[in-house]
Amino acid sequence: MTTDFEARLNEAFPNSEVTLGSNGRFWIALTPDQLIPAVDILREKLSIIQLAVIVGEDARDAFVGNYVFTGERVVVLQVRMDHEKPEVPSLAKLVPGALVYERELRDLFGINPVGHPDLRRQAVPEDWPEGVYPLRKDVHFNREGDATAKEAK
Amino acid sequence: MDDSTFRINIGPQHPFLKEPAKFDFDINGEEIVGARMNIGYNHRGIEKACEERNYYQCLYLLERVCGICSHSHTTAFIQAVEEIMKIEVPRRGLYLRTLVCELERLHSHLLWLGVAAHEVGFESMFMLVWRDRELVMDILEEAGGNRVNYAINTVGGVRRDISDAQRKKILNMLGVLKQRLEYYVQIGTTEPSFVGRIRGVGKLDPKRAAEMCVVGPFARASAVDVDVRRDDPYAAYRELDFKVVTQDSGDIFGRVIVRALEIVESCNMIEQLLTNLPEGDIVASKVSRKAPAGVAVSRYEAPRGEDVHFVRGNGTEKPERVRVRAPTMANLEAATESVIGSFVADIPIAIASIDPCFSCTDRMAIVLRDRRNGTRVTTWEELRRYGIDWYGKNKGIRF
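Residues numbered from 1 in each chain as written. Chains lettered and ligands numbered in written order. Predicted model: local features only at pLDDT ≥ 70, side-chain atom pairs only at ≥ 80, totals over all residues. Heavy atoms only, no water.

Caption draft 1: Inspection of the nonpolar core at higher detail. Within the largest apolar cluster, 141 residues are counted, with the highest numbers of intra-cluster contacts made by L9, L51, Y67, V75 and L77 of chain A together with F23 of chain B. Per-element accounting of this core gives the leading share, twelve residues, to helix α4 (residues 91–119) of chain B. If sequence neighbours within four positions are ignored, Y67 of chain A has contacts with L35, L51, V53, I54, V75, V76, L77, V79, V88, L91 and L105 of chain A. The next biggest cluster of nonpolar side chains, apart from the first, holds 26 residues, and it includes C66, A284, V311 and V324 of chain B. (Core = buried A, V, L, I, M, F, W, Y, C linked by side-chain atoms within 4.5 Å. Buried < 20%, exposed > 50% of the residue type's maximum accessible area, 1.4 Å probe, protein only. Helix = DSSP H or I, 4+ residues; strand = E, 2+ residues; numbered from the N terminus. Contact = heavy atoms within 4.5 Å.)

Shown next, in the form of structure tokens:
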């Protein structure tokens, strides 16, 4: 079974780097404009439709969005974004379940999901200052101060 | 919204909500024609805080993500850490871990059955179910030493073993529990006033459920056949014999049946675990405090649905990134939608039918000083001091 799935995955993504990680998870590295076609391929060719979570990461030289899809196996689409202007196309039309995770990406990392229909704040309060993204590595957790310390400087 | 519709705002603080969330319902007469929700009123900054703590400290912090499925979050996290560190957990350790998993599911589903009964005004069932939930809590206390945060997981295994006498005691209590559970399952699935109140309410059809990526009993009641315990087995689930319960009605009644039958399955699994409990160590020896650079995605079937933890190690004692995805996050949007077409009086049970847990879902903002109104932020030390002084002055209690 394992090799069968791996072969099908490699065949479906001939131009991308597919890595088999620990515990049988597959990782596929992508650029932002490859994301929508890749999600389409997962749905059409491998019938993987369940998006478990989108994990944002601040890799310091880039932002990474890890789209964890679950189905027959776990496939993680790793999208690397520009650190200065992180943008990624929204999956709103393809996977409605992605909306809540994309709002979190915006709130916590400042990654802009282009085409998202409803970008109300979710993970941070409504009066949170603009431009402070708590999970970025240059924002430090400080009990007396807070994330606004960066803004106050 | 036309003239005949009216919008009601519910939350963030509202008597029917046990935890904060905000819902806007558009109603036309008694019928709900539109719904939307917002969350984010319960942030505690846990993901950021994890980045500044070592793996053992993270474990205790993540235990407190949720009061009901505390073991779920630690297990999901610890599995990811063990995967990065490449630690083999001894078989007895895995069995004990799984034992607490299933006990937790038992107490969580019983809690939910009580809450569901309460939300539709069936108070006697609520009282009875919660009385017997205490039996499970006693077992958990016996096995883990605590009623709520059992703190049984550690890197490489579990922290507490159970003796043979304890094992027998738990099996006895389980016997009593099983008898009573049969009665509750029967009442919950056949009692006309209860069933009449929930059948056909809060419908979510299978296609939409799959699109919205819902998980757990909520998905299984809409014929989405997912269960991490079977699809991607972890801990000792490979060696257990159990059925995945699904229903195709997609309404609240279906969700009651799924959970009721899962309670029975859990009891059977606990019996299997205790009868086949292997001998040996409970924790791996020689566990490093540092994790190498690496990444792991861990899945866990919590009582409310799939928990996903994403952990990245960077070669130090502290993780580079921890991401917690609790099941309510995946389910809430779909649950809000499922209310459309029902009546206003159905809102509490429809929202409660996914067993929402907002403390799991909202994890990560940081206390913010309100500069506009000049509100002061009380530090932990000040709060502690205040509590001690208050009790000293008013109640004569010295700490």
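Caption draft 2: Main features of the interface of chain B and chain A. Listed by partner, the interface residues are 49 residues for chain B and 54 residues for chain A. For the pair chain B and chain A, the summed buried surface comes to about 4300 Å²; carbon and sulfur atoms form 52% of the total. At the junction of chain B and chain A, the tally comes to six salt bridges. Its salt-bridge partner being R312 of chain B, residue E57 of chain A comes within 2.3 Å of it at the nearest N-O pair. Our enumeration of links across chain B and chain A arrives at 19 residue pairs in polar contact (both at pLDDT 80 or more). (Buried area = accessible area lost by both parts, 1.4 Å probe. Salt bridge = Lys/Arg side-chain N within 4 Å of Asp/Glu carboxyl O. Polar contact = N/O pair within 3.5 Å; in protein donor to acceptor, adjacent residues only side chain to side chain.)

Caption draft 3: Spatial organisation of the pattern of salt bridges. Taken as a whole and assessed by the stated rule, the structure comprises 45 salt bridges over all chains. In this structure, the salt-bridge partner of K137 of chain A is E51 of chain B, at a minimum N-O distance of 3.2 Å. With K137 of chain A in the loop between β7 (112–114) and α4 (149–152) and E51 of chain B in the loop between α1 (46–50) and α2 (55–63), this residue pair bridges two chains. Accessibility assignment for this pair places K137 of chain A and E51 of chain B in one class, buried.

Caption draft 4: Seen up close, the packing of aromatic side chains. Residue and element names in this part refer to chain B. This structure, assessed with the given rule, holds twelve aromatic pairs over all chains. On the numbers, 5.0 Å between centres and 75° between planes, the contact of Y234 with Y237 is edge-to-face. Residue Y234 is classed as buried on the basis of its relative accessible area, which comes to 6%. Note that R133 overlies the ring of W130, its terminal NZ or CZ placed 5.6 Å from the centroid. One cation-aromatic arrangement involves R259 over W112; the distance from NZ or CZ to the ring centre is 4.2 Å. (Phe/Tyr/Trp six-rings, centres within 6.5 Å; stacked < 30°, edge-to-face > 60°. Lys NZ or Arg CZ within 6 Å of the ring centre and 35° of its normal.)

Caption draft 5: Highlighting the pairing of strand β5 (residues 74–82) of chain A. Residues and elements named next belong to chain A. β5 sits mainly inside the fold: seven of its nine residues count as buried. As paired strands, strand β2 (residues 26–30) and β5 are joined by five bridges and run parallel to one another. Bridge pairing links W27 to V76 in β5. Across nine bridges, the pairing between strand β4 (residues 62–70) and β5 is antiparallel. (Pairing = 2+ DSSP bridges.)

Caption draft 6: Highlighting the sheet that holds strand β1 (residues 17–20) of chain A. All names here are of chain A. Spatially, five strands are ordered β1-β2-β5-β4-β3 in an open sheet, and the strand pairing comes out mixed. Single-partner strands in this sheet number two, and they are β1 and β3 (50–58). Taking the axes of each pair of neighbouring strands and ignoring which way they run, one obtains an average angle of 20° across the sheet. The sheet contacts of helix α2 (residues 35–46) involve β2, β4 and β5, and relative to β5 the element is tilted by about 175°. Of the strands in this sheet, β3 and β4 touch helix α3 (residues 99–109), which is tilted by about 10° from β3. (Axes fitted to C-alpha atoms, helices over the stretch in contact; angles between N-to-C directions.)

Caption draft 7: Geometry of the side chain of R92 of chain B. Residue and element names in this part refer to chain B. Tracing the backbone through its elements, the reader meets R92 in helix α4. Using a relative accessible area of 7% as the deciding quantity, one classes R92 as buried. Within the structure, R92 has its side chain in polar contact with the side chain of D161 (distance 3.0 Å). Only 2.8 Å separates the side chain of R92 from the backbone oxygen of P278, close enough to count as a polar contact. In this structure, R92 is in contact with D161, I162, L277, P278, E279, G280, D281 and I282, ignoring residues within four places of it in sequence.

Caption draft 8: Looking closely at the confidence of the model for chain B. Residues and elements named next belong to chain B. Averaged over chain B, the pLDDT score is 87; the fraction of residues at 70 or greater is 94%. Ranking the helices and strands of chain B by mean pLDDT puts strand β6 (residues 294–302) first, with 94, and helix α14 (residues 358–361) last, with 67. Confidence drops under a pLDDT of 50 for residues 364–370, and excluding neighbours within four residues, the segment shows 34 contacts in the predicted structure. As a predicted assembly, this complex carries a pTM of 0.87 together with an ipTM value of 0.89. (pLDDT = per-residue confidence, 0-100.)

Caption draft 9: Molecular detail of the sheet that holds β6 of chain B. Residues and elements named next belong to chain B. Within the open sheet, the three strands sit side by side as β6-β7-β8. Their pairing is antiparallel. Each of the sheet's edge strands pairs with one partner strand only, and the pair in question is β6 and β8 (319–325). Adjacent strand axes in the sheet meet at a mean angle of 15°, parallel and antiparallel pairs treated alike. Two strands pair when backbone bridges link them, and strand β7 (residues 305–313) and β8 are joined in this way by six bridges, in the antiparallel orientation. Its bridge partner lying in β8, V308 is registered against R325.

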